[in-house]
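Residues per chain, in single letters:
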Amino acid sequence: MNRITVTHSEEDTTITVEGSWFTMEDHLPFSEAYHASDIGENSCTLDLTQVEEIDLSVLGMLLQMKRVLGDRNIINIRAGEPLKKVLRLANLQQIFQLV
């Protein structure tokens, strides 16, 4: 299981997944991170720069995050190029900002 941390600034809330794999085992702490965060109408950045691989359940977890936060929030996903390719294959660039 990965360590998931939340940091806040005036403009942004960042949720960082620390570890090389992001899987269904991380569902509960990941869900708690965005539910408990006072994101409000600020943007949210999901930092996956340390993540090298995800399993299929993570795609559903990302969509659930967007559903909970709604359209009022811009969600940026910061990731390495190999992971961005996977997210683009799933067409998630239409829902999230891949940075």
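Above this text you will find the structure in question.
Computed from a predicted structure; not experimentally measured.

Caption draft 1: Layout of unusual backbone geometry. Even without being a glycine, N91 presents a positive backbone phi close to 65°. Relative to the assigned elements, N91 resides in the loop between α3 (81-89) and β7 (97-98). Residue N91 is classed as partly exposed on the basis of its relative accessible area, which comes to 38%.

Caption draft 2: Expanded view of the sheet that holds strand β2 (residues 12-18). Ordered by their spatial adjacency, five strands build an open sheet running β1-β2-β4-β6-β7, and the pairing between neighbours is mixed. Only two strands of the sheet have a single partner each, and these edge strands are β1 (3-8) and β7. Judged from the four bridges that link them, strand β4 (residues 43-47) and strand β6 (residues 75-78) form a sheet pairing that is parallel. Within the sheet, the bridge partner assigned to C44 lies in β6 and is I75. Across the sheet, helix α1 (residues 27-36) lies against β1, β2 and β4, angled at about 10° from β1, the strand it touches most. Sitting on the sheet, helix α2 (residues 56-69) touches β2, β4 and β6, and the angle it makes with β6 is about 155°.

Caption draft 3: Region of the structure containing the pattern of salt bridges. Evaluation of the coordinates by the stated rule reveals three salt bridges. For R3, the salt bridge is made with E18, and the minimal N-O distance between the two is 3.4 Å. Of this pair, R3 sits in strand β1 while E18 is found in strand β2, placing the two residues 15 residues apart along the sequence. By relative accessible area, R3 is classed as exposed at 55%. Among the ionic pairs, D47 bridges to R78, the shortest N-O distance being 3.2 Å. In this pair, D47 sits in strand β4 while R78 sits in strand β6, placing the two residues 31 residues apart along the sequence. For D47, a relative accessible area of 11% puts it in the buried group.

Parameters and conventions
- Residues numbered from 1 in each chain as written.
- Predicted model: local features only at pLDDT ≥ 70, side-chain atom pairs only at ≥ 80, totals over all residues.
- Heavy atoms only, no water.
- Helix = DSSP H or I, 4+ residues; strand = E, 2+ residues; numbered from the N terminus.
- Buried < 20%, exposed > 50% of the residue type's maximum accessible area, 1.4 Å probe, protein only.
- Pairing = 2+ DSSP bridges.
- Contact = heavy atoms within 4.5 Å.
- Axes fitted to C-alpha atoms, helices over the stretch in contact; angles between N-to-C directions.
- Salt bridge = Lys/Arg side-chain N within 4 Å of Asp/Glu carboxyl O.

Function cannot be read off these values alone, since they describe shape.
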